[in-house]
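Listed below are the residues making up each chain.
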Amino acid sequence: MNPLLCGLAANPALPPELVDRLIALAAAAPEPSGLSDPADFLAYMLVRHLSERADLSRAQVAALAALDEDTPAQLARDGHLGSADVDPAVWPIAALTLLDEGRGLPEWARRFAADPDPSLRRQLASCPGLPADVEDALAADADPEVAAELALRTTSAPVAARLARHPHAAVRQAVAANEAVPPAALAGLLTGHGLPPARSCLVCDCREIPFIHDPHCPDVDCDLPAGAACDGTHGSTVHSTWQGALANPATPPEAVAAFAEHPSVLLRWAVAEHPGLPAEVYARLAGDPVPGVRATVARNPGSGPEVSRVLATDPEVEVRRAVAHHPRIPFDVLERLAPTTRLGPEPLPRISAATPEELAEGAASAHPRLRMLVAHRHDLPPELRDRLAADPDASVAKAVAPHPGLSPERLRAMVARHGQQVLARVAANPDAPGDLLAELARHEPSVRRALREIAAHPNAAAEALLPCLAGGRSRVRAAAHPALPAAVVVGLLDDPDPEVVEAAAGNPSLPPAVMAQRVP
């Protein structure tokens, strides 16, 4: 198998008879020994690309399904196999895939709930919408990992409450993170009130206690996490259970607040994630000595403007950055933060929720960084968008450049004013016309990021794509572009870079006659 064949397998223009030939080629390939072998990996990718095709006939689906035990699941996931096509005794993973997507049959769930293979029962437990009797069976499963998977996934409050009382601590750890658990049961996981003590955990299941797992454990078969420990009270598992329950928004705030000054940093960190605490608890956490705890409470939607104002002057940049990502940060606080804190390129939640008046205020700010934050929002009113496109600061223009609706004249004016600083972002504009993309591709000096954007742009024509073949990632992208001349695409099939070869082979402009020549 080679990259060229993988590219052809994904090519939407590949004729049906060549799809048949590739399937036959995959069927004749030696049994893979593992994906670490490059040849085996390419064979795997060939089958995967073929399975993902939208134009497979029923005969082709059947031929692919017969290749190995994993492919039917891929075909089911991609919609080629339905419940009428799958026998759970023959293709259990495909049947479980359909159950996971809500397309399986209830009797399959009952069959797998009684299957002797615990890995199949675990996979079943992760499926949504299981019948009540199946959830009851899984909750009583002898394998705690099966019950734990159900504990994490179930949306049934009665089942979740029952699993919170499970005798195995690992099941309680899983249920602690499930928002379907009744609040009283979650509080009980923190306080112990109303719950019988757990009788076992994954540590004492396999080790003589007391035991503390060496973080540098030399046993290659050991799957206990670093720091796992048990002295009969299942210490590390209980600690992880507390973490999950403290961060769970369904846990009663009064039970969570009791841990706000716990000596464990991880537990205080989890408390700081909870969105429903009293204001005084968030105020206390805002003074925590650990920056990560302060940063977590700073971005917590439940903390109020007072916390934002306090932490906006924090000495740690990660904390100030977290304040800026609070969805309800006062706009004046954000205006003070913007000039002094690097906030990243993505639109901030507060900017995304800003009113038209606040956006206009931000766009008129004397601070370029606040104007830049507003410019990152790409649903601005046209007059505001155009004003920011004409901004004298390159960082503002760069932020607004990919905004849909900008006219070619405005895009050209941005390039004329700011040059290569905005080239890549202008090239990313979905409305950039082909002639502008060609101008950007010929720009001297060239900008690699701009070429990468041009190479994948749907409006790019041959004139813009040819300069993108100079090298780097833009060469791979351009090789796959359907507007690249067919003769050029054919020449790239022999490129020394296998990624370029695969991209060119997947290009729908590749002539069918050439495809036929290249399939053995």
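Provided above is the structure to which this section pertains.
Residues numbered from 1 in each chain as written. Predicted model: local features only at pLDDT ≥ 70, side-chain atom pairs only at ≥ 80, totals over all residues. Heavy atoms only, no water.

Caption draft 1: Local environment of the nonpolar core. The biggest cluster of nonpolar side chains holds 156 residues, and the ones touching the most others in it are Leu8 and Leu124. Residues within four places of Leu124 in sequence aside, it is in contact with Leu96, Leu99, Ala109, Phe112, Ala113, Leu130, Val134 and Leu138. Core analysis: the second largest hydrophobic core is formed by eight residues, Cys201, Val203, Phe211 and Cys230 among them. (Core = buried A, V, L, I, M, F, W, Y, C linked by side-chain atoms within 4.5 Å. Buried < 20%, exposed > 50% of the residue type's maximum accessible area, 1.4 Å probe, protein only. Contact = heavy atoms within 4.5 Å.)

Caption draft 2: Representation of the state of the cysteines within the structure. Under the definition given, this model contains zero disulfides. There is no disulfide at Cys201, and the cysteine sulfur nearest it, in Cys204, is 3.7 Å away. Taking relative accessible area as the criterion, Cys201 reaches 0% and is therefore assigned buried. With no disulfide of its own, Cys222 has Cys217 as its nearest cysteine by sulfur position, at a separation of 4.1 Å. (Disulfide = S-S within 2.5 Å.)

Caption draft 3: How the structure looks around the side chain of Arg377. Tracing the backbone through its elements, the reader meets Arg377 in the loop between α25 (368-375) and α26 (382-389). The exposure class assigned to Arg377 is buried, which follows from its relative accessible area of 14%. For Arg377, the side chain forms a polar contact with the main-chain oxygen of Ser352, separated by 3.0 Å. Setting aside anything within four residues of it in sequence, one finds Arg377 in contact with Ile351, Ser352, Ala353, Ala354, Leu359 and His403. (Helix = DSSP H or I, 4+ residues; strand = E, 2+ residues; numbered from the N terminus. Polar contact = N/O pair within 3.5 Å; in protein donor to acceptor, adjacent residues only side chain to side chain.)

Caption draft 4: Local environment of the environment of Pro197. Position of Pro197 among the secondary structure elements: in the loop between α13 (183-191) and α14 (202-206). On the accessibility criterion, Pro197 (68% relative accessible area) is exposed. A sequence separation of 36 residues divides Pro197 from Thr233, and the C-alpha atoms of the two residues are 8.7 Å apart.

So yeah, pure geometry; function would need other evidence.
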